[in-house]
Amino acid sequence: MMTQISIFGHGLAAALFAALTIWQFQRKTERNKAQFALVMALAWTSFWALATAVEGAFSLISSFAESIRNLGWLIFMFILLRSGEGRDQPTAVKIIYVALAVVLLGQIVVDSLIPIFAESPRIGGMTIFTSVVLRMLFSVGALVLVHNLYSVSAPETRWGIRLPMASLAAMWTYDLNLFTIIYLTQQFPAELTAMRGPAMACLAPIFALASVRNTEWKLKLSRSIAFRSLSLVAIAGYLLMMVIITTALEIIGGDYARLAQISFIFGTSIAALLLLPSGKFRAWFKVKLAKHFFQHRYDYRVEWIRFTNTIGRPGPDSAPFHERVVKAIADITESPAGILLMPDDSGRLSLQSRWNWPTIEVPARACTSGTIPFFEETGHIIEFDSLQTDEVARENPDAIPEWMTNDPQAWAAVPLVHFDRLAGIVLLARPRINRTLDWEDLDMLRVVGRQVASYLAEARSQESLLEAQRFDEFNRRMAFVMHDIKNLVSQISLLARNAKRHADNPEFQTDMIATLQDSADKMNGLLERLSQHNKARPEEPKPIKLAGLLQSIIDKKRLLHEIESVEIDDLTVMADPARVEQILGHLIQNAIDASPEGQSIMINARRRSFSLAIEVVDRGVGMSSEFIRSQLFKPFASSKAGGFGIGAYEARSLAKAMNGRIEVESKEGAGSRFTLILPLASWLTQEDKVNERAA
């Protein structure tokens, strides 16, 4: 019954594929190579099915016809690839096809030897075994090729090749299962052999539907297919070589066959373990693969991602920025080391950073007078092995320093040019596998050099900006310090003027000494504030009794100007004593400057709801409402001749830092009232308790 199913099934498949061949050949469409290849593959498939139906599944003519059928579909896929967008990178895929074609040729040769050695059980069994293994190997390689060709095809054309790729995958999957079972069981399964014909007959309508849907056949190819496919083919070839050689050793080895097999397997395994982890071997393999299998050396997407990650991922464990710059360029050509030269303040190149190259000696003056102009004008990449034949370099013999050409490890110099200005030069060490730079290397390094130059220019701009910000911060500190110095000078001047009248008064002498000591302490504090190493921060607000602090401030200022005080409530506020004294110092000094001599200043402290209001009142020249609104609390705006315009601004900033504020009332010709408002400590404590209960 299995024989009848096989004959009927293969006969039906032969008829269907023959009809499909005639229909495809007579279609009134524009003929191309892919259509001719499809007609040829369909015809050979029909011939294989007919031969199997007439001669049997494992006859010599059926085996030959099967190899020719597989070759036809292989040619169809290859021409399909060549006629589409994949023709830009044909070499790598051509190698895969050549490998599978070699396997098919091996099948034909081995199948031819089966009848010759049929009477020799050992050699005949070996040839049958080899034929089965070759068919298994081809099925695996063909499935890998189908999968990769479909997975990397263009999305807009993938729908058109889905059906034929699925049909071919089904055909070779069936073959793989069949020959795997034969290999494992050493028997020919009648059921699978008989059902092979009906299965192929079911695929014929799918090929017909695919032919109707498609008028064009296109594929796009990425280099990933070649690496994956070649890797799998190489692994399969390695395993096949192991199987064939160990089987041959078993046949011809006699008593020492087992020892020879173990020695061979052990030796090949050791060789693989030694070669595969070797950086030099992998570098050599990558160079050969890129040189012979690909039209382009670089996968630009992968290189750009690696370059960006190297440059743009700083962290606590990462190398400094300039070392990352060298590494990013060196990784492109697999150079193991490099250095970065950058122009210094005098315009000469000097060593900026090293990466894995501690032995190279770089002089203090790392360039000649013509080095920078040469690279800025030409942007030329120097390859030291080709320096004697480099026409651009020969026209400028003094542009390349001797220390570069004398070092045997120096391989290439990559200029980093940004808007016709040389930002630096990266000197690369010789890679593990010595090679010359081709046009693609030069283009890649030139583009990356410009990008790195922009990064270096940006980094230098950031350094200049930070330096300018530090100067700005210093100037800002200086403005505040100068204002405080002016206040201290005013105090000392008033003190000196009053000393002429009260020098004989012992109490005045005591107060004068205390005031001078206080001024000296403040001067030292100002010097500390000017220091860039000063990290001191003001204390956090805390509960303080204000009456004693305010009275101490009044006592110090009375030596300078007459001060009156009518009412001072002894309340506890949340404040920093030093900042309160600094605020009141600004307000009192402004009141003294605005008041005529002999006109007293009034200072009071009264409770206002949940706050304490400290008033500083003068009867001086006053201010306009427009000045108060738009300029009073802005830095460097002052109504006084020679004023810095800092006191009111700093006083309000200090008050805000303690959750306080400053209010101003003034009228031109009638004086001003400045009120410092600070929160009461008892009110804040009650509010905190309410908030805690609410939480």
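Look a little higher up for the structure.
In this report, the structure presented in the accompanying data block is examined. As the structure is a computational prediction, the values presented were derived from the model and not from experiment. (Residues numbered from 1 in each chain as written. Predicted model: local features only at pLDDT ≥ 70, side-chain atom pairs only at ≥ 80, totals over all residues. Heavy atoms only, no water.)

1. Quick look at the packing of helix α19 (residues 546-557) against helix α20 (residues 577-594)
Cut-off, in case you're wondering: In this analysis, axes come from line fits to C-alpha atoms, helices being fitted only over the stretch in contact, and the angle between any two N-to-C directions falls in the range 0 to 180 degrees. Strands are runs of DSSP state E lasting at least 2 residues, helices are runs of H or I lasting at least 4, and numbering of each runs from the N terminus. Every angle not falling under 35 degrees, over 145, or within 65 to 115 is termed oblique; those three ranges are roughly parallel, roughly antiparallel and roughly perpendicular. Here a crossing is taken to be left-handed if its near helix is turned anticlockwise relative to the far helix by less than a right angle, and right-handed if that turn runs clockwise. Residues count as neighbours in contact if any of their non-hydrogen atoms are within 4.5 Å of one another. Charged means Asp, Glu, Lys or Arg here, nonpolar means Ala, Val, Leu, Ile, Met, Phe, Trp, Tyr, Cys or Pro, and polar covers whatever is left, Gly included.
As a packed pair, α19 and α20 sit with axes 11 Å apart at the nearest point and diverge in direction by 40 degrees. Taken together, the axes of α19 and α20 lie oblique to each other. Taken as a pair, α19 and α20 cross one another with a handedness that is right-handed. Taking contact as the criterion, the partners of L546, L549, L550, I553, K556 and K557 in α19 are, on α20, P577, V580, E581, L584, G585, I588 and Q589. Of the residues that constitute the contact of α19 with α20, the class distribution is 8 nonpolar, 2 polar and 3 charged.

2. Remarks on the nonpolar core
What counts here: In these notes, a set of buried Ala, Val, Leu, Ile, Met, Phe, Trp, Tyr and Cys residues joined through side-chain atoms within 4.5 Å is what counts as a nonpolar core. Any residue under 20% of the maximum accessible area for its type is buried, any over 50% is exposed, and the rest in between are partly exposed; the area is computed with a 1.4 Å probe on protein chains only.
Counting 47 residues, the largest nonpolar core has W73, L74, F76, M77, F138, L168 and W172 as its most contacted members. The set of elements that each furnish at least two residues to this core consists of α1 (2-26), α2 (33-55), α3 (60-83), α4 (90-116), α5 (121-151), α6 (155-185) and α8 (196-213). Setting aside anything within four residues of it in sequence, one finds W73 in contact with L38, A41, L42, T45, L168, M171, W172 and F207. Of all hydrophobic cores here, the second largest spans 45 residues; its members include I553, L571, A575 and I583.

3. Re the packing of aromatic side chains
Here is the rule we go by: Between 30 and 60 degrees the pair is tilted, below 30 it is stacked and above 60 it is edge-to-face, where a pair is any two Phe, Tyr or Trp rings, Trp via its six-membered ring, whose centres lie within 6.5 Å. Throughout this description, the term charge over a ring refers to an Arg CZ or Lys NZ atom that lies within 6 Å of the ring centre and within 35 degrees of the ring normal.
Applying the stated criterion across every chain yields a total of 8 aromatic pairs. Considering the side-chain rings of W73 and F76, the 5.8 Å spacing of their centres and the 85 degrees angle between planes classify their relative orientation as edge-to-face. Of this pair, W73 and F76 both sit in helix α3, 3 residues apart, which is roughly one turn of the helix. For the pair W73 and F76, a shared accessibility class is recorded, and that class is buried. An angle of 70 degrees between the planes, with centres 5.0 Å apart, marks the rings of F374 and F375 as edge-to-face. The class of F374 is buried, set by a relative accessible area of 4%. Classification of F375 by relative accessible area gives buried; the value is 1%. Across from the ring centre of W48, 4.6 Å away, lies the NZ or CZ of R69, which sits over that ring.

4. Regarding the pairing of strand β2 (residues 349-355)
The criterion, for reference: A strand pair is defined by DSSP finding two or more bridges across the two strands.
Inspection of the sheet shows strand β1 (residues 338-343) paired to β2 by 6 bridges, in the antiparallel sense. For L341, the partnering residue across the bridge sits in β2 and is L351. With antiparallel pairing between neighbouring strands as the criterion, β1 and β2 make up a hairpin whose turn holds 5 residues, including G347 at a positive phi of roughly 85 degrees.

5. What about the side chain of S600?
As a reminder, the rule being used: Polar contact is the term for a pair of N or O atoms within 3.5 Å; when the atoms are in protein, one must be able to donate a hydrogen and the other to accept it, and sequence-neighboring residues count only if both atoms are side-chain atoms.
For S600, the location among the structural elements is in the loop between α20 and β9 (601-608). Assessed through its relative accessible area of 8%, S600 is described here as buried. In this structure the side chain of S600 is engaged in a polar contact, spanning 3.2 Å, whose partner is the side chain of E564. In this structure, S600 is in contact with H561, E562, E564 and R619, ignoring residues within four places of it in sequence.

6. A word on the environment of A423
The topology assignment puts A423 in strand β5 (residues 421-429). A423 sits 29 residues away from V452 along the chain, and the two C-alpha atoms are 8.8 Å apart. If we ignore the near neighbours within four places in the chain, the residues touching A423 are M342, P343, L416, A453 and L456.

7. What about the sheet that holds strand β10 (residues 611-618)?
The sheet built from 5 strands is open, its strands ordered β7-β9-β10-β12-β11 with mixed pairing. The open sheet has two free edges, formed respectively by β7 (563-564) and β11 (661-667), since each of these has just one partner strand. Relative to strand β12 (residues 671-679), β11 is paired through 7 bridges, and the arrangement is antiparallel. In the strand pairing of β12, E665 is matched with R673. Of the strands in this sheet, β7, β9, β10, β11 and β12 are in contact with α20, which crosses β10 at around 25 degrees.

8. Structural notes on the sheet that holds strand β3 (residues 382-383)
Taken together, 5 strands build an open sheet; the order of strands is β2-β1-β5-β4-β3 and the sheet is antiparallel. Since the sheet does not close on itself, it has two edges, and those belong to β2 and β3, each with one partner. Examined bridge by bridge, strand β4 (residues 410-418) and β5 share 8 bridges and lie antiparallel to one another. By the bridge assignment for β5, L416 is matched with G424. Along the sheet, helix α13 (residues 321-333) makes contact with β1, β2, β4 and β5, crossing β2 at roughly 70 degrees. Its contacts with the sheet put helix α14 (residues 371-378) on β2, β3, β4 and β5, and the angle it makes with β5 is roughly 100 degrees.

9. Let's talk about the packing of helix α12 (residues 300-312) against α13
Helix packing for two helices is described by the angle between their axes and how far apart those axes are. Here α12 crosses α13 at 165 degrees, and the two axes come no closer than 8 Å. What the angle tells us is that α12 and α13 run roughly antiparallel. Note on packing geometry: the crossing formed by α12 with α13 is right-handed. Contacts from E303, R306, F307, T310 and I311 of α12 reach α13 at F321, R324, V325, K327, A328, D331 and I332. In terms of residue class, the contact of α12 with α13 is made up of 6 nonpolar, 1 polar and 5 charged.

10. Here's the deal with unusual backbone geometry
Of note, the phi angle at E334 is positive, near 60 degrees, even though the residue is not glycine. One can find E334 in the loop between α13 and β1. The phi torsion at N659 lies on the positive side, around 65 degrees, for a residue other than glycine. Examined against the element boundaries, N659 turns out to sit in the loop between α22 (647-657) and β11.

11. Description of the pattern of salt bridges
Defined as follows: In what follows, salt bridge is the name for a side-chain nitrogen of Lys or Arg lying within 4 Å of a carboxyl oxygen of Asp or Glu.
Summed over the entire model, instances satisfying the criterion amount to 19 salt bridges. Two residues, D331 and K327, come together in a salt bridge whose shortest N-O distance is 2.8 Å. Of this pair, D331 and K327 both sit in helix α13, 4 residues apart, which is roughly one turn of the helix. Residue class for K327 comes out partly exposed when judged on its relative accessible area of 31%. A cluster of three or more residues bridged by salt bridges with shared partners is formed by E66, R69, D111, R135, D175 and R196.

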